[in-house]
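Secondary and tertiary structure notes
Listed below are the residues making up each chain.
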Amino acid sequence: MADEICAKRIKKSDGVNMVTCQAPVNIAIIKYWGKRNEQLILPLNSSLSVTLDKKELHSSTTVAVSEDFSEDCIWLNGRKHNIAEMPRIQKCLATMRKLSHNESLKDCCIHICSQNNFPTAAGLASSAAGYSCLVFALSRLLQVKGDLSRIARQGSGSACRSMYGGFVEWEKGDAEDGSDSIAKQIVTEDHWPGLRVLILVVNEHKKGTSSTDGMKRSVETSDLLKFRSEFCVPERMKIMKKAISERDFEIFAETTMKESNQLHAVCQDTYPPIAPPYMNQTSHSIVQLVTLYNNFCGQLKVAYTFDAGPNAFLFVMEKDIAEISSLIRHFFPPETDKGFIQGMEVKSQTDLNKNLLKSITIEPSPGAVKYVISTKVGSGPSELGEEHSLLDENGLPKP
């Protein structure tokens, strides 16, 4: 009976069945870098992430199935791609079809249309949002039940963490087949309501070295990566879980920044070093700003983390966000004030402490930060109504 209700719910027209979903970005605070199995995308170590609110950063995906479709097709951000050249997409499709409870649809061809509301391949976790959204949408369309994170993992490792909201652990697992390498929610999105996130977009362009290529080279050549995965990460996972449980911002901040530093140290320990480096001069200036601010305050009031890209993710408590955002404006003045801070409202603070400004010994860099996205911890993937479909009634992209 439940399957019949689901089938009726997703029915779009007599010929085409479709579902539209939205999935979030996540940012790792205990980093995933390096695979022990490239084919199954099994990580060297466990990782832990924060799921960000879908209102500010999300992937939207519509999947459609019909007996009239002659082949699988995919459109990403307005451009059609050759799905035959996308083995990870094909693997996700094959797995979901195999697990499908809808016998009438599982052998039909599928159309996929997906778009991000943020730059792709720029270090903002676009693949995590994209693959989690695809797997979630396919589960609704093909009526696949059970844990979906291990399927999303096979598209993009970090995608498994975007299957849940709040704070999420990706367990590395020990099984050879990867069956125990799955994501689990640590706490829900409402656990730490005062925690805010500022994303400083430094560069929207595609990074020079993909995460996949960078990880592979690090696994092959970095001694620091081996030490990190065996000794550093297991202890930091314990520390971070405790800090999150107790909402201890100082321990959370310290561990987050140490993790970020070590990831980029691994990239430099890689032979030859990953070049150009993921962090650029502006990234390092942001690190210096955060460090000097925390030193002035005599406590950790803001934490930075960087993934494989130059864009900074800053964690800050809501009570301090006005001062932090004002410092960003002061030291990275925008070319135009309009639209500089996007997303959740941030109240401006014009009376910055003069001694604080003197203590921060970096030169202002006009235009170095393109814009800032203000957001918070958010929920996992969700299904949208028909009005949000990216495909028309014939299963083709809307103009």
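Source: prediction; values computed, not measured. (Residues numbered from 1 in each chain as written. Predicted model: local features only at pLDDT ≥ 70, side-chain atom pairs only at ≥ 80, totals over all residues. Heavy atoms only, no water.)

Observations concerning helix α5 (residues 211-221)
Working note: α-helix, 3.6 residues per turn, so residues spaced by three or four point in the same direction. Taken together, the buried positions of α5 are occupied by G214, M215 and S218. For α5, the buried positions fall inside an angular range of 100 degrees around the axis, keeping them on one side. (Buried < 20%, exposed > 50% of the residue type's maximum accessible area, 1.4 Å probe, protein only. Helix = DSSP H or I, 4+ residues; strand = E, 2+ residues; numbered from the N terminus. Arc of directions from axis to C-beta.)

Brief notes about the packing of aromatic side chains
Summed over the entire model, instances satisfying the criterion amount to nine aromatic pairs. Summarising the aromatic geometry, the rings of F167 and F252 are spaced 6.5 Å apart at their centres and angled 85 degrees between planes, so their arrangement reads as edge-to-face. Note that F167 is positioned in strand β10 (residues 167-170) and F252 in helix α7 (residues 249-269), a separation of 85 residues in sequence. Residue classification places F252 among the buried positions, given a relative accessible area of 0%. Look at Y304 and F306: their rings are 6.1 Å apart centre to centre, the planes differ by 50 degrees, and that puts the pair in the tilted class. (Phe/Tyr/Trp six-rings, centres within 6.5 Å; stacked < 30°, edge-to-face > 60°.)

Observations regarding the sheet that holds strand β15 (residues 341-343)
Spatial ordering of the open sheet is given by β13-β14-β12-β16-β15, a layout of five strands whose pairing is mixed. Lying at the two open borders of the sheet, with one neighbouring strand each, are β13 (302-305) and β15. The average undirected angle you get between the axes of adjacent strands in this sheet is 25 degrees. Of the pairings in the sheet, the one linking strand β12 (residues 195-201) to strand β14 (residues 312-317) comprises six bridges and is antiparallel in character. Paired with L195 across the bridge in β14 is M317. Contacting β12, β13 and β14, α7 runs over the sheet at an angle of about 25 degrees to β13. Relative to the sheet, helix α8 (residues 281-297) contacts β12, β13 and β14, its axis offset from that of β13 by approximately 160 degrees. (Pairing = 2+ DSSP bridges. Axes fitted to C-alpha atoms, helices over the stretch in contact; angles between N-to-C directions. Contact = heavy atoms within 4.5 Å.)

Considerations on the nonpolar core
Counting 67 residues, the largest nonpolar core has F167, F252, L314 and F315 as its most contacted members. The contact partners of L314, leaving out residues within four places of it in the chain, are R196, V197, L198, L200, I286, V290, V302, A303, Y304 and I328. V65, I83, L105 and A152 belong to the second largest nonpolar core, which has 31 residues in total. (Core = buried A, V, L, I, M, F, W, Y, C linked by side-chain atoms within 4.5 Å.)

What to know about the pairing of β14
Successive side chains on a regular strand alternate, one facing one side of the sheet and the next facing the other. Counting buried residues in β14 gives six out of six residues, a clear majority hidden from the surface. The side-chain alternation of β14 yields two buried faces, one formed by A312, L314 and V316 and the other by F313, F315 and M317. When β13 meets β14, the two strands line up antiparallel, connected through four bridges. Bridging from a neighbouring strand, V302 pairs with V316 of β14.

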